[in-house]
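# Descriptive structure summary
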Amino acid sequence: MLSFPGARLTLALSAEPWRGFSGEGQALRALMRMDDERAVSQVRAQLNWQSVLDTGALATTLGLTASSVEDSLRILGASGLVGFDVAQGRYFHRVLPFDLSSVEDMHPRLADARELMVQGAVRVVNASPIDAEVQSGGTVHSVREIDGELRCTCPWYAKHQGERGPCKHVLAVEATAASPAPTESAP
Ligand SMILES: [Zn+2]
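Structure report, in brief. (Residues numbered from 1 in each chain as written. Predicted model: local features only at pLDDT ≥ 70, side-chain atom pairs only at ≥ 80, totals over all residues. Heavy atoms only, no water.)

## Remarks on the coordination of the zinc ion
For the zinc ion, the full set of protein donor atoms is Cys152 (SG), Cys154 (SG), Cys167 (SG) and His169 (ND1), and the range of their distances to it is 2.1 to 2.3 Å. Around the zinc ion sit four donor atoms; with metal-centred angles ranging over 104 to 116 degrees, the donor geometry is tetrahedral. For the zinc ion, the donor residues sit on a single chain with the sequence spacing C-x1-C-x12-C-x1-H. (Donors = N, O, S within 2.8 Å, 3.2 Å for Na, K, Ca; no water. Tetrahedral: all angles 85-135°; square planar, octahedral: opposite > 155°, others 65-115°.)

## Details of the side chain of Arg109
Relative to the helices and strands, Arg109 resides in helix H6 (residues 106-118). Among the polar contacts made by the side chain of Arg109, one reaches the main-chain carbonyl oxygen of Pro166 at a distance of 2.8 Å. Every residue in contact with Arg109, bar those within four places of it in the chain, is listed here: Glu24, Leu28, Trp156, Arg164, Gly165, Pro166, Cys167, Lys168 and Leu171. (Helix = DSSP H or I, 4+ residues; strand = E, 2+ residues; numbered from the N terminus. Polar contact = N/O pair within 3.5 Å; in protein donor to acceptor, adjacent residues only side chain to side chain. Contact = heavy atoms within 4.5 Å.)

## Some thoughts on the sheet that holds strand S6 (residues 149-152)
What the four strands build is an open sheet, ordered S3-S4-S5-S6; its pairing is antiparallel. The open sheet has two edge strands, strand S3 (122-126) and S6, and neither has a second partner. Between one strand axis and the next, the sheet turns through 25 degrees on average, direction left out of account. Inspection of the sheet shows strand S5 (residues 139-146) paired to S6 by four bridges, in the antiparallel sense. From the neighbouring strand, Ile146 faces S6, where its bridge partner is Glu149. (Pairing = 2+ DSSP bridges. Axes fitted to C-alpha atoms, helices over the stretch in contact; angles between N-to-C directions.)

## Structural notes on the packing of aromatic side chains
By the definition in use, this model includes one aromatic pair. Centroid distance Phe84 to Tyr91: 4.8 Å. Interplanar angle 75 degrees. Geometry classified as edge-to-face. Using a relative accessible area of 19% as the deciding quantity, one classes Phe84 as buried. (Phe/Tyr/Trp six-rings, centres within 6.5 Å; stacked < 30°, edge-to-face > 60°. Buried < 20%, exposed > 50% of the residue type's maximum accessible area, 1.4 Å probe, protein only.)

Below is the structure:
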């Protein structure tokens, strides 16, 4: 623990109780929800060392929905480019000397999860608690909700045990369970 006069140190990446501590899971889920990842670069372009980032104002400036801006900030947070001020309940701009390779590592997983959904590889057997099967790479992986957390039977999940955020199967199951019927997204 470090403390400085007149300064607060927040050790957590996020103030929200996401499954797992890693910011990766949070950012991956935000990315899965987003229709247009260009929002992230648009929001990033607005960063100018603000001590408070006003989600509503950013949304108005950029012509984005508030939820797109919030999800973009979550993603930027996992990239070390914004922080979350727990006291203010707001994000602020700052740059951490993060290893960005972990963020780059998220994108293949995201693309794979979307591909699984496009292929219709996800079969939700039970909605609550979630029990699903995912056809992937010639095998069927089982994704089950245990103690409020989705666990997968794939080797990647076995290796990382949720420490690197969700695997592509869990991401695909979450996104499928969140939107059971594919619908046109609002413009
Ligand atoms: Zn998996």
